[in-house]
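# Fold and contact review
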Amino acid sequence: MEQNYAGDVSVEYVWDVLEKDSDAVLLDVRTIPEFQFVGVPDLSALGKDTQLLPWQVYPQMQVNPDFVATVKQLGIKEEQPLYILCRSGVRSVSAAIALTAQGYKNCFNILHGFEGPADERGHRGKVAGWKAAGIPWKQN
């Protein structure tokens, strides 16, 4: 099966690339309530900001019809490395595919996302993903 985006990468890999490559962008595609109540990646130590743009619109969860246009408005160029994050690595694949179809050449899905899979007690953020890896994040 042909992959319709640049590939899947670990959160540790993404942090390393964001630290070394000034053109690399982190795009968080979770919903506004997730940004507000769960937390967001904190790139301040790298002198960068996480771009926050929902792939789906809460509460109906339909695909954001302005998603690609808004990525362009953010000034993200088609050649820039674009690392896409969601809760667990599912919505980010859809966003990477959509952006690739519109000419973005380096769209990567971040494996396990921000919170990763649930543990044996049903809690996220402890097994895998951005939070579990101990990479900087903040809660507003």
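The paragraphs below set out a description of the structure included in this document. (Residues numbered from 1 in each chain as written. Predicted model: local features only at pLDDT ≥ 70, side-chain atom pairs only at ≥ 80, totals over all residues. Heavy atoms only, no water.)

### As for the side chain of K131
Counted only if it meets this: Helix and strand assignments come from DSSP, with helices taken as H or I runs of at least 4 residues and strands as E runs of at least 2, each series counted from the N terminus. Buried, partly exposed and exposed residues are distinguished by accessible area as a fraction of the type maximum, computed with a 1.4 Å probe on protein chains only: under 20%, between the cut-offs, and over 50%, respectively. In this count, Lys and Arg are taken as positive residues and Asp and Glu as negative ones, while His and the chain termini are left out. Every case where a carboxyl oxygen of Asp or Glu lies within 4 Å of a side-chain nitrogen of Lys or Arg is listed as a salt bridge.
Mapped onto the fold, K131 is located in the loop between β8 (107-110) and β9 (137-138). Salt bridges are absent for the buried K131, whose nearest opposite-charge side chain, E115, sits at 4.6 Å.

### Some details on the pattern of salt bridges
Here the structure, examined in full by the defined rule, presents 4 salt bridges. Taking the shortest distance from any N to any O, the salt bridge between E34 and R91 comes out at 2.9 Å. With E34 in helix α2 (residues 32-37) and R91 in helix α4 (residues 91-101), the pair connects residues that are 57 residues apart, well separated along the chain. In this structure, E78 engages K105 in a salt bridge whose closest nitrogen and oxygen atoms are separated by 3.8 Å. Of this pair, E78 sits in the loop between α3 (67-73) and β7 (82-85) while K105 is found in the loop between α4 and β8, placing the two residues 27 residues apart along the sequence. A relative accessible area of 51% places K105 in the exposed class.

### Overview of α4
Applicable threshold: In this description, one arc is meant: the one made by directions from the helix axis to the C-beta atoms. Contacts are residue-level and defined by heavy atoms, with any inter-residue pair within 4.5 Å sufficient.
Listing the buried residues of α4 in full gives R91, S92, A95, A96, A98 and L99. Along α4, the residues classed as buried sweep out an arc of 165° about the axis, all on the same side. Where α4 is buried, its residues meet β2 (25-28), α2, β5 (56-57), α3, β7 and β8. Following α4 by one or two positions, G103 has its phi on the positive side, about 105°.

### A look at the nonpolar core
Nonpolar side chains in soluble globular proteins tend to end up buried together. Selection rule: Among the buried residues, those of types Ala, Val, Leu, Ile, Met, Phe, Trp, Tyr and Cys that are joined through side-chain atoms within 4.5 Å form a nonpolar core.
Core analysis: the largest hydrophobic core is formed by 19 residues, its most contacted members being L27, V29, F67, V71, L82, I84 and L99. Within the residue set of this core, elements represented by two or more residues are β2, α3, β7 and α4. At 4 residues, α4 tops the list of elements feeding residues into this core. When residues no more than four places from it in sequence are discounted, the contact partners of V29 are L53, P54, W55, F67, I84, L85, C86, R91, S92 and A95. Counting 17 residues, the second largest nonpolar core, distinct from the first, contains V14, L18, L43 and W130.

### What about the sheet that holds strand β4 (residues 51-52)?
Where we set the bar: Strand pairing follows a simple DSSP-based rule, namely that at least 2 bridges must link the two strands.
One open sheet holds the 5 strands; their spatial order is β1-β8-β7-β2-β4, and the pairing between them is parallel. Where the open sheet ends on each side, the last strands, each with one partner, are β1 (7-9) and β4. Looking at chain direction, β2 and β4 are connected through 2 bridges and run parallel. Paired with L27 across the strands is Q51, a residue of β4.

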